[in-house]
Amino acid sequence: MAIYHLSAKAISRSKGRSATGAAAYRAAERIVDERTGIVHDYERKKGVDFCKIIGWNGTRSELWNAAEAAEKRKDSVVAREYEVALPTELSNIEKTKLAIGFAMWLNQQHGVAVDLAIHGINTKNPHAHLLTSTRVVEDNGFRLGDKAAREWSGTKRKQNGLGESKDDLIEAREAWEQFANVMLERSGSDARIDRRSLEDQGIDRIPGVHLGPTNNHFMKRGILNSKIEQSNDIQSANDEIKNLVELDDKLQEIPMSTFEIFAEKTGETLDEIERKIKKERLQEAELRRKIEAVEKLADEMKTEQRKIKSERTELIQQRDELNPLQVIEENKINKICLLYTSDAADE
């Protein structure tokens, strides 16, 4: 079943965010913020299936650094993002064409640069991020100029004959509905999306069944019949409809992936921690190799010491056996023995 979802949110410095960081995360790229010197590196991020910039003739880094440089206030809105759910009934090519078409509409409607990134195209939750500049593109897409009318204050909008700022969002919601339904129709799908809430679509409550006193008495005693079961089924359905209405209202306010905001802010820190852990593991492995080498050397030295000790013992024994005094004494005795033997023979 095709589901309608479009949400819009501001990328504001007051919330600790930046256009460079948001763009790098959505496109899985590495962008250096020239204003702060912070490096936003998300090249290892997975799930980014398609990226394209509409209305800008420079690089992604040049676009969003220009957006940051153009704003001086510490609470400036440096970009504005639209998130849309891509119908799962469409093929990947159709999803991509649909997202590009809507990006081109935003560019033409507001004169802003649009950085499109499609995530999870093969999942159950295919969606697109359309990060737009807050300033109009000038000089054939090489420079950001004044603030787009979408960003004007209420007073300035009124002076220029424009409605309230919320009208821009309503217009975008209508446009997305039309773009998606045209693509669904062209694809041959019967599914359609509807920007209206369930309540506005008339999905409110199913008429209940009048039970009467007898059936009410049966219900209190736990006795069921077809009419009571029908009433219970209707009540369960109405409870589910109520939950769907509440969920639908929340979906219009809450971004599709609130984790992405957290990841955008903390991803750089997490990457740094991961790099430190990797470095420490390498150092630990190197230290372990050194310890093993020292232990091996110690074993070799012990073996050598045992060998030396054994040889020393053997040499001591040989020394004792070859004591010069002992040799001389033995020689004297031998000579005496020889003389005695010789004298005896003469007698």
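Residues numbered from 1 in each chain as written. Predicted model: local features only at pLDDT ≥ 70, side-chain atom pairs only at ≥ 80, totals over all residues. Heavy atoms only, no water.

Undergrad: How should I be thinking about the packing of helix 1 (residues 19-27) against helix 2 (residues 60-70) in this particular structure?
TA: Two quantities define a packed helix pair, namely the angle between the helix axes and the distance between the axes. Where helix 1 contacts helix 2, the axes come no closer than 8 Å and their chain directions differ by 155°. As far as their axial angle goes, helix 2 and helix 1 are roughly antiparallel. Helix-helix and strand crossings are classified by hand; for helix 1 and helix 2 the assignment is right-handed. Contacts from A19, T20, A23 and A27 of helix 1 reach helix 2 at R60, W64, N65 and E68. Each residue belonging to the contact of helix 1 with helix 2 can be placed in one class, and the counts come to four nonpolar, two polar and two charged. (Axes fitted to C-alpha atoms, helices over the stretch in contact; angles between N-to-C directions. Helix = DSSP H or I, 4+ residues; strand = E, 2+ residues; numbered from the N terminus. Parallel < 35°, antiparallel > 145°, perpendicular 65-115°, else oblique. Left-handed = near helix turned anticlockwise from the far one by under 90°. Contact = heavy atoms within 4.5 Å. Nonpolar A, V, L, I, M, F, W, Y, C, P; charged D, E, K, R; others polar.)

Undergrad: When you look at helix 3 (residues 92-110) in this model, what are you seeing that I'm missing?
TA: Note on helix geometry: an α-helix contains 3.6 residues per turn, so any two residues three or four positions apart are oriented the same way. The terminal C-alpha atoms of helix 3 lie 27 Å apart, and with 19 residues this matches the ideal 27 Å at 1.5 Å per residue to within 8%. Summarising the contacts, the buried residues of helix 3 are in contact with strand 1 (6-12), strand 4 (48-54), strand 5 (77-85), strand 6 (112-119), strand 7 (127-138) and helix 5 (166-186). (Expected span 1.5 Å × (residues − 1).)

Undergrad: I tried to follow the packing of aromatic side chains on my own but got confused; where do I start?
TA: Remark: the centre distance and the inter-plane angle together describe each pair of aromatic rings, the angle taken between the planes. Within the structure shown, the criterion is met by four aromatic pairs. Summarising the aromatic geometry, the rings of Y25 and Y42 are spaced 5.3 Å apart at their centres and angled 85° between planes, so their arrangement reads as edge-to-face. Placement of the pair is Y25 in helix 1 and Y42 in the loop between strand 3 (39-41) and strand 4, with a sequence separation of 17 residues. For the pair shown, Y25 and Y42 are each scored as buried. (Phe/Tyr/Trp six-rings, centres within 6.5 Å; stacked < 30°, edge-to-face > 60°. Buried < 20%, exposed > 50% of the residue type's maximum accessible area, 1.4 Å probe, protein only.)

Undergrad: Would you mind showing me how to read the side chain of S76 here?
TA: Position of S76 among the secondary structure elements: in the loop between helix 2 and strand 5. Taking the relative accessible area as the measure of exposure, S76 reaches 7% and is therefore buried. At 3.0 Å, the side chain of S76 and the backbone oxygen of R73 are in polar contact. Non-local contacts of S76, meaning those with residues more than four positions away in its chain, are made with I11, S12, R13 and E71. (Polar contact = N/O pair within 3.5 Å; in protein donor to acceptor, adjacent residues only side chain to side chain.)

Undergrad: Just checking my understanding: could you explain the packing of helix 3 against helix 5 for this structure?
TA: Two elements in contact, helix 3 and helix 5, have axes separated by 10 Å at closest approach and are oriented at 150°. In terms of orientation, helix 3 and helix 5 fall into the roughly antiparallel class. In this structure, helix 3 meets helix 5 at a crossing whose hand is right-handed. Between helix 3, through E94, K97, L98, G101, F102, W105, Q109 and H110, and helix 5, the contact on the second element is made entirely by D168, E171, A172, A175, W176, F179, A180 and M183. Considered class by class, the residues forming the contact of helix 3 with helix 5 number nine nonpolar, three polar and four charged.

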